[in-house]
Amino acid sequence: MPDTDTDSQSRSIAAVERAMDVLLLFGRSGRPDLGVTEIANELGITKAAVHRILTALRSRDLITLEPTTRRYALGHAAMALGRAYLARTDLRVMAGPELRRLATLTGETATLSIRRGDTRMYVDQVVPDQELRMEVALGQPYPLHAGSSSKAILAYLRKEEIDEYLRRHELTAFTDATVTSQRKLRTELNTIRGRGYAVSLGERQVGAASIAAPVLDHDGGVVAAISVCGPLSRFEPHIDDYVPMLLKASGALSTQLGYTGQ
């Protein structure tokens, strides 16, 4: 093959690799959108190169531009790729047996939450056959600073992601029990990482209590949280009994995703 053809092929491969780097940055950044300068700084490439890559990705609807802010976000074609992947490794399918087991063993509601940018949402639940029970709203976004599932996800993000979240968001109080001090929240996040689970006693919803543990992937990144929740007066006395069951369930899911504990 002539040298000119080899050089052309090498440049084409390098361009594809840079485009993939940009696309993957949106997936791992944890931010809902990114600017050209942010992308250039994080990947160590020029703004002109970033503009060219984003233009190409926009032409395939992998990236979309918000005209008012001039910031970029994942487009519907990228979402379609994500849905295709999730169809093969659907956490809800994987978590179903663990949720049912937790609900049966505890007699309380077991839930699965996933992160969505700076929020998290319930995507599944198993509700026990009790007259007084907790039910959650599936698909509704919640902030990452209040509630056990939220804190279980926030605590296992990278330090810089936690810093960015706290920089961008005010710690709004939902009840008198909500932690609204960054110092106190950081201390609690360290405690959660140390023991492996989070506790909420009425901090997002009055009269409700829950415990939650993270679900980790093969890189040790948090992809979801599994929880048990119930009425505060009935739930709180049994927290110590429920914790081992919860950790066993979250550990089983993490293992299925390739997490080895390293």
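Residues numbered from 1 in each chain as written. Predicted model: local features only at pLDDT ≥ 70, side-chain atom pairs only at ≥ 80, totals over all residues. Heavy atoms only, no water.

Moving on, we come to the nonpolar core. Among soluble globular proteins, nonpolar side chains are generally buried collectively. By size, the foremost hydrophobic cluster in this structure holds 27 residues, and its most contacted members are Leu99, Leu102, Leu112, Ile211, Ile226, Phe235 and Leu246. Put simply, the parts of the chain that give this core at least two residues each are α5 (91-106), β3 (109-116), β4 (119-126), β7 (208-216), β8 (222-231) and α10 (239-256). Once residues lying within four places of it in the same chain are set aside, the contact partners of Ile211 are Ser148, Ala198, Val199, Ile226, Ser227, Val228, Phe235, Ile239, Tyr242, Val243 and Leu246. Ile162, Val179, Leu216 and Val222 belong to the second largest nonpolar core, which has 20 residues in total. (Core = buried A, V, L, I, M, F, W, Y, C linked by side-chain atoms within 4.5 Å. Buried < 20%, exposed > 50% of the residue type's maximum accessible area, 1.4 Å probe, protein only. Helix = DSSP H or I, 4+ residues; strand = E, 2+ residues; numbered from the N terminus. Contact = heavy atoms within 4.5 Å.)

What follows covers the sheet that holds β7. Taken in spatial order, the six strands make up an open sheet running β5-β4-β3-β8-β7-β6, and their pairing is antiparallel. Looking along the sheet, the strands with just one partner apiece sit at the ends: β5 (141-143) and β6 (198-201). Averaged over neighbouring strand pairs, the angle between their axes works out to 30° when direction is ignored. In the sheet, β7 pairs with β8 via nine bridges, with the strands oriented antiparallel. Looking at the pairing, Ala208 lines up with Pro231 of β8. Contacting β3, β4, β5, β6, β7 and β8, helix α6 (residues 148-155) runs over the sheet at an angle of about 155° to β8. (Pairing = 2+ DSSP bridges. Axes fitted to C-alpha atoms, helices over the stretch in contact; angles between N-to-C directions.)

With that settled, consider α6. Of all eight residues making up α6, eight are buried, and the element is well covered by its neighbours. Of all the positions in α6, only Ser148, Ser149, Ser150, Lys151, Ala152, Ile153, Leu154 and Ala155 are classed as buried.

Glancing now at the packing of helix α7 (residues 159-168) against helix α8 (residues 182-195). Running from amino to carboxyl end, α7 crosses α8 at an angle of 155°, the nearest separation of the two axes being 12 Å. One finds that α7 runs roughly antiparallel with respect to α8. Between α7 and α8 lies a crossing whose hand is right-handed. Between α7, through Ile162, Asp163 and Leu166, and α8, the contact on the second element is made entirely by Gln182, Leu185, Arg186 and Leu189. Looking at the contact of α7 with α8 residue by residue, the class counts come to four nonpolar, one polar and two charged. (Parallel < 35°, antiparallel > 145°, perpendicular 65-115°, else oblique. Left-handed = near helix turned anticlockwise from the far one by under 90°. Nonpolar A, V, L, I, M, F, W, Y, C, P; charged D, E, K, R; others polar.)

All right, on to the pairing of β4 then. Burial of β4 is extensive: six of the eight residues sit out of reach of the surface. Between β3 and β4, which pair antiparallel in sequence order, lie two residues; one of them, Gly117, sits at a positive phi of approximately 65°. Summarising the sheet, β4 and β5 pair through three bridges and their orientation is antiparallel. Looking at the pairing, Arg120 lines up with Tyr142 of β5.

Where α6 contacts α8, the axes come no closer than 9 Å and their chain directions differ by 80°. Between α6 and α8, the angle is such that the two are roughly perpendicular. Side by side, α6 and α8 meet where Lys151, Ala152, Leu154 and Ala155 of the first sit next to Leu185, Glu188, Leu189, Ile192 and Arg193 of the second. Looking at the contact of α6 with α8 residue by residue, the classes come out as six nonpolar, no polar and three charged.

Taken as a whole and assessed by the stated rule, the structure comprises 14 salt bridges. Here Arg101 and Glu98 are joined by a salt bridge, their closest N and O atoms 2.8 Å apart. Placement of both Arg101 and Glu98 in helix α5 is noted, with a separation of three residues, approximately one turn of the helix. By relative accessible area, which is 41% here, Arg101 ends up partly exposed. Take Glu98: its relative accessible area is 12%, and that puts it in the buried class. (Salt bridge = Lys/Arg side-chain N within 4 Å of Asp/Glu carboxyl O.)

Let us look at the environment of Gly258. Relative to the elements of secondary structure, Gly258 occurs in the segment after α10. We classify Gly258 as partly exposed; its relative accessible area is 32%. Sequence-wise, Gly258 and Ile239 are 19 residues apart; in three dimensions their C-alpha atoms are separated by 28 Å.

For residues that are not glycine, phi is negative in most cases, and the peptide bond is trans in most cases. With a phi close to 60°, Asp61 is a non-glycine residue in the positive phi region. By secondary structure assignment, the location of Asp61 is in the loop between α3 (47-59) and β1 (63-66).

Our next topic: α5. Because each turn of an α-helix spans 3.6 residues, side chains separated by three or four positions end up pointing in the same direction. Over its 16 residues, α5 extends 22 Å from the first C-alpha to the last, a length consistent with the 22 Å expected when each residue adds 1.5 Å. The axis of α5 is deflected most strongly, by about 30°, at Pro97. Within the span of α5, buried status applies to Leu91, Met94, Ala95, Gly96, Glu98, Leu99, Leu102, Ala103 and Thr106. Tucked inside the fold, the buried residues of α5 contact β3, β4, β8 and α10. The first or second residue beyond α5 is Gly107, which carries a positive phi of 75°. (Expected span 1.5 Å × (residues − 1). Bend = angle between axes of the 7 residues up to and from the residue.)

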